[in-house]
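Okay, here's what each chain looks like letter by letter:
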Amino acid sequence: MTAKPINNRAWFFVLPVLGFVLFSSIVPTMTVVNYSVQDTMGANNFFWNGDQWFRDLLNPTTAIGQRFNDALFRTLAFSLTCLVIEIPLGIAIALCAPRKGWAVGPSLVVVALPMLIPWNVVGTIWQIFTREDIGLYGAALNGLGLHYNVTQDAISAWTTIVVMDVWHWTPLVILLSYAGLRAIPDAYYQAARIDGASRWAVFLNIELPKLQKVLVIAVLLRFMQTFMIYTEPFVVTGGGPGSATTFLSIDLDKIALGQVDLGNAAAMSLVYYLITLTVCYVFFTIMTQLERRRDV
Amino acid sequence: MTSITLDHIAHSYMGKPKDDSGYQLKPLNHVWEHGLAYALLGPSGCGKTTLLNVISGLVIPSEGRLLFGERDVTRLPTEQRNIAQVFQFPVIYDTMTVAENLAFPLKNRRQPRLVIEKRVAEIADMLDLTADLNRRARGLTADAKQKISLGRGLVRSDVSAVLFDEPLTVIDPALKWELRSKLKRVHRALDLLMIYVTHDQIEALTFADKVVVMNDGRAVQIGTPAELFYQPEHTFVGYFIGSPGMNFLPAEVRGARAHVAGFEMALGATYADMPKGRNIQVGVRPEFVAGTRGAGLPAQVRRVSDLGRKRLAYVSLAGHPLVATLPHDMESVGETLNIAIDAANTHVYLDDVRVAGRAP
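These figures come from a predicted structure and were not determined experimentally.

### Some words on the overall build of chain B
Then, in step 1: Of the regular secondary structure elements, chain B holds 8 helices and 21 strands.
Then, in step 2: Counting only C-alpha atoms, chain B reaches 75 × 50 × 35 Å along its principal axes.
Then, in step 3: Here chain B, with 360 residues, has 39% of them falling under the buried criterion.
Then, in step 4: Here the contacts in chain B between residues at least 6 apart in sequence split such that 67% fall between residues at least 24 apart.

Here it is in structure tokens:
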């Protein structure tokens, strides 16, 4: 009997990764944490401020608290609107997509095109597209007698941002759902025909349950991306008119870089980050628990 | 009481073929009688599943008519035919309980609730699923899932036929026997037409009243297990049924005698003159070729294999390989062995098809 040799040298192999993570995540995050508990009068003089920035931020009666609340509400409303439209629409289009033959390739490429366009280019395209004087979309709507003006009308600005996001990111839901649908063996559809199931029953009892896993991923990705949306509204509306489309990320940018209010911005970004993390964690846990319970 | 009639049914996946070789399913006439259990037996890719799908309507045949009783259903969609089909891999509806799974075909056909409950209870009882009725179907084992698939096939009382497409592939060998005998019992209890696709001859021969042997898109013989064994109508049936398969030797046939490799042997019947230049063979199963100490054809022994229950000698008769059975009392075998061929069970094949002789 010999004692098992103990050798921890394998840890050395982890060091490069640790070093990388240190500079890519830990140091920048800790810098923000550092700002969030200090105040400065400029000239690189910092002094301890405790949790005062957080207290102000989470207290809706203060100016910054009010501002944060409004932006948070706007962002949540935007995320929810996009999810409610994009998920069903994505599934519906995936169901209509061809399953075999020459049409599969071209149709998937056409569907995926919007996803391949960089964020700020998407913003620029839509900014021009929706102008009421020379934009095809804006001019057409105004020509129809509708009052449509992205820079002056809050409803116009909101619908534009939502439509833009639906156009840009529904393809992701389509592709994920399409992959999920293709993974269902033919025997399920054949059995359903033998069992006399209607189209709706097939969707409800075969397709939707089999799509559940990819839909969890789709919802998570779309929630994170819409909740953190920045570039497109920044380019198209700049957060306006007024503060109608000032989402959390845009507001954060205004506070941090516009007003150089580092304490408030740092506290806000940490809370913002924790909200995203919590929502994703809770959603994912609930979905996996539901799945597990169903097996019993 | 409905039987199913195949009237010149043929199928090709691309248009009308020029000759027979273009068909995935070659023209076939057959009546599947009500109340019988059939097995469709053949190697992979021989068209068994295509034939099954033609009957269930998942494939519309390119030629011929399909009749359920007197009704022409050739172009009727699957859901309007009274057909149940069980697939190779268990298909269950994940989100439903076992009971809901079983009730699904009835619910889709808008049966009253009481009828559904009664029928589900009956079928669950028959398949030993009663204890699991309220469990979610997806947590169950593969064989329980396949039982649910079977149950969904059997739950409708109006089905003309239940079709099985190699339903026991995913089941443990030990459970296979159990499920198969359960199927037999269900068949007797419900008095249905059952068609069972398999490539396993034991499965086919133990399950079915009649076996349809298929090869290369053609039904080469339809008969009882005994007919397939004693009177293979096609050399393929000889090869495929039995283990090892039938011996075939090129021969010249004159009257009731055959000349094989320079030897003369007796046949069980008298044959008319065979056309010249065609492929003529005599076929005899290893069970009817016996090693003997008495008179017989002298053969060279290549190897002997002991299967426990019987011993087989792989011999060569003037260069032609042959399998013979060794009697129990024949302990050791030398380099040559005299073999006796049972004339009554020797058949003559002309271009692979059995030729009927006149009784001597």
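### Structural notes on the overall build of chain A
Then, in step 1: When helices and strands are tallied, chain A shows 12 helices and 2 strands.
Then, in step 2: Seen in sequence order, chain A has helices and strands lined up from the N terminus as α-β-β-α-α-α-α-α-α-α-α-α-α-α.
Then, in step 3: Here chain A has a C-alpha radius of gyration of 24 Å; the compact-globule value for 296 residues is 19 Å, and the former is much larger.
Then, in step 4: With the C-alpha coordinates of chain A rotated into their principal frame, the extents come out at 90 × 75 × 35 Å.
Then, in step 5: Counting every position in chain A, which comprises 296 residues, the buried fraction comes to 27%.
Then, in step 6: Pairs at least 24 residues apart make up 67% of the contacts formed inside chain A by residues separated by at least 6 positions.

### A few points about the interface of chain A and chain B
Then, in step 1: Counting residues at the interface gives 18 residues for chain A, matched by 22 residues for chain B.
Then, in step 2: The leading source of residues in the side of chain A that touches chain B is helix 8 (residues 186-194) of chain A, at 6 residues.

### Focus on the sheet that holds strand 21 (residues 353-355) of chain B
Residue and element names in this part refer to chain B.
Then, in step 1: The antiparallel open sheet is built from 4 strands, whose spatial order is 11-14-20-21. In this open sheet, the two edge strands, each paired with only one partner strand, are strand 11 (247-250) and strand 21. On average, each strand axis in the sheet is inclined to that of its neighbour by 40°, with strand direction left out of account.
Then, in step 2: Where strand 14 (residues 280-284) meets strand 20 (residues 347-350), 4 bridges bridge the pair, whose relative direction is antiparallel. In the strand pairing of strand 20, V282 is matched with V348.

### Comments concerning the domain arrangement of chain B
Accessible area lost during the coming together of the parts is what is often quoted as the interface size.
All names here are of chain B.
Then, in step 1: Its domain assignment divides chain B into domain 1 (4-237) and domain 2 (247-355).
Then, in step 2: Computed from C-alpha coordinates alone, the two centres of domain 1 and domain 2 are separated by 39 Å.
Then, in step 3: Contact with domain 1, which involves 5 residues of that partner, is made by 8 residues of domain 2.
Then, in step 4: Here the residues of the side of domain 1 that touches domain 2 sort into 2 nonpolar, 2 polar and 1 charged.

### Quick notes on the nonpolar core
All names here are of chain B.
Then, in step 1: Membership of the largest hydrophobic core comes to 76 residues, with the highest contact counts inside it found for L40, A161, I195 and Y196.
Then, in step 2: Here this core takes 6 residues from helix 2 (residues 98-108), the largest share from any one element.
Then, in step 3: What L40 contacts, discounting residues up to four positions off in sequence, is K48, L51, L52, I195, Y196, V197, V212 and M214.
Then, in step 4: In terms of nonpolar packing, the next biggest core, distinct from the first, is built from 24 residues, L267, A313, L317 and L326 among them.

### Regarding helix 11 (residues 248-258) of chain A
Then, in step 1: Buried within helix 11 of chain A are the following residues: A:L248, A:S249, A:I250, A:D251, A:L252 and A:I255.
Then, in step 2: The positive-phi residue at the C-terminal boundary of helix 11 of chain A is A:V260, with phi of around 45°.

### Comments concerning the pairing of strand 10 (residues 218-223) of chain B
Every regular strand shows the same layout, with side chains that alternate between the two sheet faces.
Residues and elements named next belong to chain B.
Then, in step 1: Here strand 9 (residues 210-215) pairs with strand 10 via 5 bridges, running antiparallel. Its bridge partner being in strand 10, M214 is matched across the sheet by A219.
Then, in step 2: Joining the antiparallel neighbours strand 9 and strand 10 is a turn of 2 residues, in which D216 adopts a positive phi near 50°.

### Observations regarding the sheet that holds strand 9 of chain B
All names here are of chain B.
Then, in step 1: Across the sheet, which stays open at both edges, the 6 strands sit in the order 6-7-8-3-9-10 with mixed pairing between neighbours. Two strands lie at the open edges of the sheet, namely strand 6 (83-86) and strand 10, each paired on one side alone. Neighbour-to-neighbour, the strand axes of the sheet open up by a mean angle of 20°, direction not taken into account.
Then, in step 2: By the bridge criterion, 4 bridges tie strand 6 to strand 7 (residues 161-165) in an arrangement that is parallel.

### Side note on unusual backbone geometry
Residues and elements named next belong to chain B.
Then, in step 1: Following S243, the chain continues to P244 via a peptide bond in cis, the omega torsion being -5°.
Then, in step 2: You can see P244 is positioned in the loop between helix 8 (235-240) and strand 11.
Then, in step 3: With a phi close to 50°, D216 is a non-glycine residue in the positive phi region.
Then, in step 4: By secondary structure assignment, the location of D216 is in the loop between strand 9 and strand 10.
Then, in step 5: The backbone phi angle of D352 is positive, close to 75°, even though this residue is not glycine.
Then, in step 6: Mapping D352 onto the fold places it in the loop between strand 20 and strand 21.

### With respect to the environment of B:L190
Then, in step 1: Tracing the backbone shows B:L190 in helix 5 (residues 173-190).
Then, in step 2: Between the alpha carbons of B:L190 and B:R113 there is a distance of 22 Å; along the sequence they are 77 residues apart.

About the criteria used
Each chain carries its own residue numbering, running from 1 in the written order of its sequence. Chains carry letters and ligands carry numbers; both start at the beginning, A for chains and 1 for ligands, and go up in the order they are written. Given that this is a predicted model, residues contribute local features only at a pLDDT of at least 70 and side-chain atom pairs are listed and counted only at 80 or more, while totals for whole chains, interfaces and linings are drawn from all residues. A run of DSSP states H or I qualifies as a helix once it reaches four residues; a run of E qualifies as a strand once it reaches two. Both are numbered from the N-terminal end. Between the buried cut of 20 or more and the exposed cut of 12 or fewer other C-beta atoms within 10 Å of a residue's own C-beta lies the partly exposed class, and all C-beta atoms are placed from the backbone. C-beta atoms are first placed from the backbone for all residues, and any pair lying within 7 Å is then listed as a contact. All radius of gyration figures rest on C-alpha atoms, and the globule criterion is 2.2 Å times the number of residues raised to 0.38. Strands are treated as partners if at least two bridges between them are detected by DSSP. Lines fitted to the C-alpha atoms define the axes, with helices restricted to the stretch that makes contact. Angles between their N-to-C directions range from 0 to 180 degrees. Each domain's extent was defined by an automatic or database domain assignment. As a working rule, the residues Ala, Val, Leu, Ile, Met, Phe, Trp, Tyr, Cys and Pro are called nonpolar, Asp, Glu, Lys and Arg charged, and the rest polar, with Gly in that last group. Think of a nonpolar core as buried Ala, Val, Leu, Ile, Met, Phe, Trp, Tyr and Cys residues, each tied to the set through C-beta atoms within 7 Å.

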